[in-house]
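Coordinate analysis (summary)
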Amino acid sequence: MKTKLNKISSVLNSRRTNTAIYSAALVAMLATPTILAQEAQADGDIEVIQVSGIRSALTSALLEKRDSANLVEIIQAEDIGKLPDQNLAEVLENVTGVQITRSAGVGTGVQIRGTNANRTEINGVSTVGSGAGRSGINFEDVSASIIAGVEVTKSPDAKTIEGSVGGTINLRTIRPLQLSETLASVRVQGESSSLSTDGVKPRLSGTYGDNWDTDKGRFGVVFSASYAEQDVTAFRPRVDRDNVVTSDGGTPNAQDFDFLGIQFLNQDYDNDEYETVNFAGSLEWAPNSELKFYFDATINDQQRYAESSSIQASGVSDVIGVGVPSAFETVNFGILDGLDLGSIQAATKGVIPVEVGGADPNLRVAADTSSRVTKSEIFRLGGEWQGENLKVVVEASSSSSNSTNPRINTTLNFQNPNAANNSSNENGTPFIYDLTGGSLAFGIAYGEANAPTAADMMDPANYILRDVQTARDRTENTEEALRTDFTYSLDWSALTSVDFGLRYSKSTSMTDQIRANVGLRTYADSPRGDLFAELLTAGPDNFGDADGRELFVKDFLMINPDMVTADQDNVLRILNDAVTAHGGSTPITAPTSEVSAFFDIEETTSALYAQANFATDYIRGNFGVRYLKTEVASTGNSITTDVNGNPTVSQVTTVGDYDFLLPRINIVADVTDDIVVRAGWGKDIRRPDFDDLSTSVTYSTSPNPPVSVGNPNLVPEEVTSFDLTAEWYFTQASVLSIGYFHKTRSDLFAGQQVDPYQDPVTGFRDTIGPVCEQGGIWNPIADINVFGPVGVGVCVPWSTTINDTGETTQEGLEMAVQFDLSSFEDDLGWASGFGVLANYTIQKFDGGEAVDNAASRPNEIFAATTGIDGIEVSALHGLPDLSENAYNFTLYYEKYGLSARMRYTWREAHRSEDFGSTSSYPWGFMVVQEDRGQLNASISYDVTEQLNIGLEGVNLTESEVSQSCVNSGALLCFQGLTDRRVTLGASYRW
């Protein structure tokens, strides 16, 4: 017979200490295509829910959530290797209160309750990332096919490892001793991208698991493996309009009103190719009913190849007063921190001609070819002993991630044969732009004076080598941990048990930047492309495929990224031979370790916790405290100069420590059989990223990116959280919930950028070091470019991370509904196969004292829009990636062997630090990523009980990303034109 979820839960509530019944049920759901979700014995009767596929996943997840003592969200795979999405970040997007960020259309970052400051674990073991961050393993490094379930803990208990502001994400694999029968499955898929030119990419995965009774006890084993290739393409055009042409400025193009002219144009094409191998294995041995040993291994091996071509219209600022726009739009900058910034006209259509003398605007082709080769390993070895009243768990774990980042970035100057040359190794090319209709489109103005032809654009002799940047950076991260946990069962009225334990961990992070930067600025040093023509290839010509635009640069040459990927050393040799044949004096050097950028940090933490668990007929929960002490040793290189002017390098180690006491409490009230109310309160910390603690400094040959300066004086952020949630389990596999959360954060990490002063007329910066008296930091190797006379050495922006001295708060409401119609089969017939899931999150962020300041050129614009001479605009830094409103809506159907799902995800505009082709804050502030929705769908059919075929589509409507500068809806300055990805496949199980 069928019964409601809450009736089964009430039976299980009477045996809460036997948590294995849940995990056994969950794995059993994975083990067979149609099974009994749960059996419970009560007064001699057996009550059963008959579920399968999507419903089995939803039902099992609700069972676990319903019985949890704290606030958790659960996603279970509906079958082996079949989480709701291919990408783990996109899996988590199904969870209430979770939004994700995407890179080139693929989910990469996860925000829980508006923050990226979260932890990621696998089977409860901490993971480490490929960079210097604290959030753990990159989600694109792990295939969803090896994960059986995802758990998001929003309200921690004393057992929960510290380090999260939003929540802790635990990726769970299958436990072999809980299998009810043999597992054997294989899945084959092919994925196609609408913007890729490389065809269909394969995905293969398989799982085997079983257990056996022997004379030595019960043995179990599970192995899962996957191989996946992915090709993701995105186009990211950019237009800078951050320079004002005043009505009284006396320029040839002056209007009777002030307007924003074109300052910079960029057409960026990004193609990421992933090749990922994942393995997850578990061995378990139970010699008897009291003792169990286990060993888990998760190994991820990913090679990520990123190819980017960038068409830049540089030097536009030199002719900003020449080209006459043919159309304008009104830009309203809105209100920023209570200040009305007013409005101004901005150019939207026109031609940028070649200036007298022929040098500007010049066309540059940047080809960036980089790789990230990462191998991460997570091992867990442990044992459990269950006595009459005492349970002991001892576990050792190790996580590591080793990454290398080979890279060659080249920049070519196009030499227009129809324009005059001057002393530099670049000359002018006319451009046409059309920004109407929300499209940042531009191209070569072929019909204008001095214009090249398409044939000129494809002639190697018309290109000159300008920059070669090479790198082979290394990053090594590890964490080793040993923990012991005790649970003692009590019979003290409402107090059911106590948990206590200790954990010792040692984390390390080492970064060694191995780089070489060569800049060629004269004709004497820069070889023409016909000397290295074997390396040149036609650039991508499909930029218009994303949104149907006709205006873009499609005829150009670039360094062949495939040749760079195949043999970097050979590419460098060919370029060096070209310099030699040309008679240049500056060789293309191989990368060497940059001693000023090296750092090695070791961190040891000892943590103790104690927790009491209680339960009555209506109230249950836990309360406890976690104490931790951390010691940090940071090693970096100190560079001094001896009396002869020679640099001397010595290693300097800085040591510090801190400790925290973190109380936590969770209370659950089973108000009725259908209604559960939860409350949680607790404290946690967030440690700074390793690179933010580094004393090392990295310089670039470009004058645009800020120099990152570490801050070894950073202290951990502290967060106090409160949660209150009500859940109504109103029918089978259905729930309606509403929750409130509030977080108070102190010592919040805030990124800060200080820009150098630029003359509002000439655009020049300070080119006399080593001190930048008017802001910024002296970069001795940066090309001056347009910021002064030709040469090297200029003041550039610098950025760092600080602890915000003000207290900040986050609060919000989370609402969710899950409704399954299967219990209405007698009334609805075929329509009973439908079900819906929906959630809505409202949140806000207040407080803080850290501010961002507008750069000098934007302040000149704000002086024009507000009428306030000498105005200096600033605004509170805020929290990146926080959308105040976001929702998901999923409609699914499952019946007669057909399983279909459609999900629409929407998030409101939010501040972002991901804005494509520049790493410095435009206008001095984070950009605003405008509202965006995305539609995903999937459908599969059980051909037989063993064979299933399916089709999945991601970003079906090819929703683009629009990013505005200063404020939402103000000035469109960046776009992201993403692809549609379709996957077709089949799975078979024995």
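Procedures and definitions
Throughout this document, residue positions are counted from 1 along each chain, in the order its sequence is written. Residues qualify for local features only when their pLDDT is at least 70, as the model is predicted, and side-chain atom pairs are given and counted only at 80 or more; totals for whole chains, interfaces and linings, by contrast, use all residues. With hydrogens and water stripped out, all remaining heavy atoms of the structure feed into the side-chain values. Helix and strand definitions here come from DSSP, where helices need a minimum of 4 consecutive H or I residues and strands a minimum of 2 consecutive E residues; each element is numbered from the N-terminal end. For each residue, the accessible area found with a 1.4 Å probe, counting protein chains only, is set against the maximum for its type, and the residue is called buried under 20%, exposed over 50%, and partly exposed in between. Whether two residues are in contact is decided by their heavy atoms: any pair within 4.5 Å suffices. Using a 1.4 Å probe, the Shrake-Rupley method yields the accessible areas, and only the shown protein chains count as cover for residues. Only four residue types enter the tally: Lys and Arg on the positive side, Asp and Glu on the negative side, with His and both chain ends excluded. In plain terms, the charge of a residue is placed at NZ if it is Lys, CZ if Arg, CG if Asp and CD if Glu. Strands are treated as partners if at least two bridges between them are detected by DSSP. In plain terms, two cysteine sulfur atoms within 2.5 Å form what is called a disulfide here. Remark: nonpolar core denotes a set of buried residues (Ala, Val, Leu, Ile, Met, Phe, Trp, Tyr, Cys) joined through side-chain atoms within 4.5 Å. A residue counts toward a patch only above 30% relative accessible area and without a salt bridge, and it is joined to like-charged neighbours within 9 Å or, for Val, Leu, Ile, Met, Phe, Trp and Tyr, to nonpolar neighbours within 5 Å. Throughout this description, the term salt bridge denotes a Lys or Arg side-chain nitrogen within 4 Å of a carboxyl oxygen of Asp or Glu. The predictor reports its confidence for every residue as pLDDT, a score running from 0 up to 100. We call two N or O atoms a polar contact when they sit within 3.5 Å, provided that within protein one can donate a hydrogen and the other can accept it, with sequence-adjacent residues counted only if both atoms are side-chain atoms. Pairing of aromatic rings covers Phe, Tyr and Trp, the last counted by its six-membered ring, and requires centre-to-centre distances within 6.5 Å; plane angles under 30 degrees mean stacked, over 60 mean edge-to-face, and any other angle means tilted. Take the residue count of a helix, subtract one, and multiply by 1.5 Å to get its expected span.

Some words on the overall build of the chain
Scanning the chain for helices and strands turns up ten helices and 54 strands. If you line up the chain on its principal axes, its C-alpha atoms span 95 × 70 × 55 Å. The 990 residues of the chain split such that 58% are buried. Across the chain, every contact between residues at least 6 apart in sequence was considered, and the portion connecting residues at least 24 apart equals 73%. Surface exposure of the chain reaches about 37500 Å², of which carbon and sulfur atoms provide 54%. Looking at charge distribution, the chain has the averaged site of its 68 positive side-chain charges lying 6 Å from that of its 132 negative ones.

Topic: the pairing of strand β24 (residues 441–444)
Here strand β23 (residues 431–434) pairs with β24 via four bridges, running antiparallel. By the bridge assignment for β24, Tyr433 is matched with Phe442. In this structure, the hairpin formed by β23 and β24 is closed by a connection of six residues, where Gly437 is found at a positive phi of approximately 70 degrees.

Looking at the sheet that holds strand β7 (residues 125–126)
Reading across from one edge, β3-β8-β9-β6-β7 is the order of the five strands in this open sheet, with mixed pairing throughout. Edge positions in the sheet fall to β3 (72–76) and β7, since each has one partner strand and no second. By the bridge criterion, five bridges tie strand β8 (residues 149–153) to strand β9 (residues 168–172) in an arrangement that is antiparallel. By the bridge assignment for β9, Thr153 is matched with Thr168.

Some points on unusual backbone geometry
The residue after Gly769, namely Pro770, is reached through a cis peptide bond having omega 5 degrees. On the secondary structure map, Pro770 appears in the loop between β38 (749–754) and β39 (777–783). With a phi close to 55 degrees, Arg113 is a non-glycine residue in the positive phi region. Among the structural elements, Arg113 can be located in the loop between β5 (106–112) and β6 (119–122).

Here we look at the state of the cysteines
The bond known as a disulfide is covalent and runs between the sulfur atoms of two cysteines. This structure, assessed with the given rule, holds two disulfides. Between Cys772 and Cys795 runs a disulfide, and the two sulfur atoms are separated by 2.0 Å. Sign of the S-S torsion, about -105 degrees for the bond between Cys772 and Cys795, identifies this disulfide as left-handed. With Cys772 in the loop between β38 and β39 and Cys795 in strand β40 (residues 792–796), this pair connects stretches of sequence that are 23 residues apart. Grouping residues by exposure puts Cys772 and Cys795 together as buried. Shown here is the disulfide that connects Cys965 with Cys973, its sulfur atoms set 2.2 Å apart. Its torsion about the S-S bond being 105 degrees, the disulfide of Cys965 and Cys973 is classed as right-handed. Taken as a pair, Cys965 and Cys973 share a single burial class, namely buried.

Describing the environment of Ile738
Relative to the helices and strands, Ile738 is located in strand β37 (residues 734–746). You can call Ile738 partly exposed: its relative accessible area is 42%. Distance from Ile738 to Ala726, taken between C-alpha atoms, is 5.6 Å for residues twelve residues apart in sequence. Those residues in contact with Ile738, other than ones at most four positions away along the chain, are Leu724, Thr725, Ala726, Glu814 and Met815.

Here's the deal with the nonpolar core
Formed by 44 residues in total, the largest nonpolar core has its most connected members in Phe532 and Leu575. If one sorts the elements of this core by residue count, helix α7 (residues 568–582) sits on top with six residues.

A look at a nonpolar patch on the surface
Nonpolar side chains collect at one region of the surface, where Tyr208, Trp212, Phe219, Phe223, Leu283, Trp285, Phe293, Phe295 and Leu381 lie side by side and expose about 800 Å² of accessible area between them. Elements represented by at least two residues in the nonpolar patch include exactly β11 (201–214), β12 (217–240), β15 (264–288) and β16 (291–314). Within the secondary structure, Leu283 is located in strand β15.

Section: the confidence of the model for the chain
In the predicted model, the chain carries a mean pLDDT of 88, and the fraction of residues at 70 or more is 93%. Of all secondary-structure elements in the chain, the lowest mean pLDDT belongs to strand β1 (residues 34–42), at 34, while strand β34 (residues 675–686) reaches the highest, 97. Under a pLDDT of 50 for its full length, residues 1–51 has, in the predicted model, 115 contacts with residues more than four places off or in other chains.

Details of the sheet that holds strand β41 (residues 798–803)
Across the sheet, three strands lie side by side as β35-β41-β38; this open sheet has mixed pairing. Every interior strand has two partners, whereas the edge strands, β35 (707–708) and β38, have only one. Relative to β41, β38 is paired through six bridges, and the arrangement is antiparallel. By the bridge assignment for β41, Gln753 is matched with Ser799.

Digging into the side chain of Ser403
Of note, Ser403 is situated in strand β22 (residues 390–414). Take Ser403: its relative accessible area is 2%, and that puts it in the buried class. Side chain to side chain, Ser403 and Thr374 meet in a polar contact 2.7 Å long. Those residues within four positions of Ser403 in sequence are excluded, and the remaining contacts are Ser130, Val373, Thr374, Asp473, Arg474 and Thr475.

Overview of the pattern of salt bridges
Close approach of charged atoms lets side chains of opposite charge pair. Across all of its chains, the model carries 59 salt bridges by this definition. Of the charged contacts in the structure, one is a salt bridge between Asp512 and Arg474, with a shortest N-O distance of 3.6 Å. In this pair, Asp512 is assigned in strand β26 (residues 495–512) and Arg474 in strand β25 (residues 463–492), connecting sequence segments 38 residues apart. On the accessibility criterion, Arg474 (30% relative accessible area) is partly exposed. What you see here is one network of salt bridges that share partners, running through Lys65, Glu73, Arg113, Lys154, Arg678, Asp723, Glu727 and Glu814.

Side note on the pairing of strand β54 (residues 981–989)
Burial along β54 is one-sided: Arg981, Thr983, Gly985, Ser987 and Arg989 are buried, while Val982, Leu984, Ala986 and Tyr988, pointing the other way, are not. One ladder, built from eight bridges, connects strand β51 (residues 947–954) with β54; its direction is antiparallel. The residue bridging Leu951 from the neighbouring strand is Leu984, located in β54.

Regarding the packing of aromatic side chains
This structure, assessed with the given rule, holds 26 aromatic pairs. Ring plane angle 85 degrees and centroid distance 5.5 Å describe the contact between Phe333 and Phe862, whose orientation is recorded as edge-to-face. Taken together, the residues span a long stretch of sequence, with Phe333 in the loop between β17 (327–332) and β18 (335–336) and Phe862 in helix α10 (residues 856–866) at a distance of 529 residues. A relative accessible area of 0% places Phe333 in the buried class. For the pair Tyr887 and Tyr904, a centre-to-centre distance of 6.2 Å together with 40 degrees between the ring planes defines the contact as tilted.

A short note on helix α3 (residues 53–67)
Between its terminal C-alpha atoms α3 stretches 22 Å, which fits the 21 Å expected from 15 residues at 1.5 Å a residue. Across the 15 residues that make up α3, a large majority, 15, are buried.

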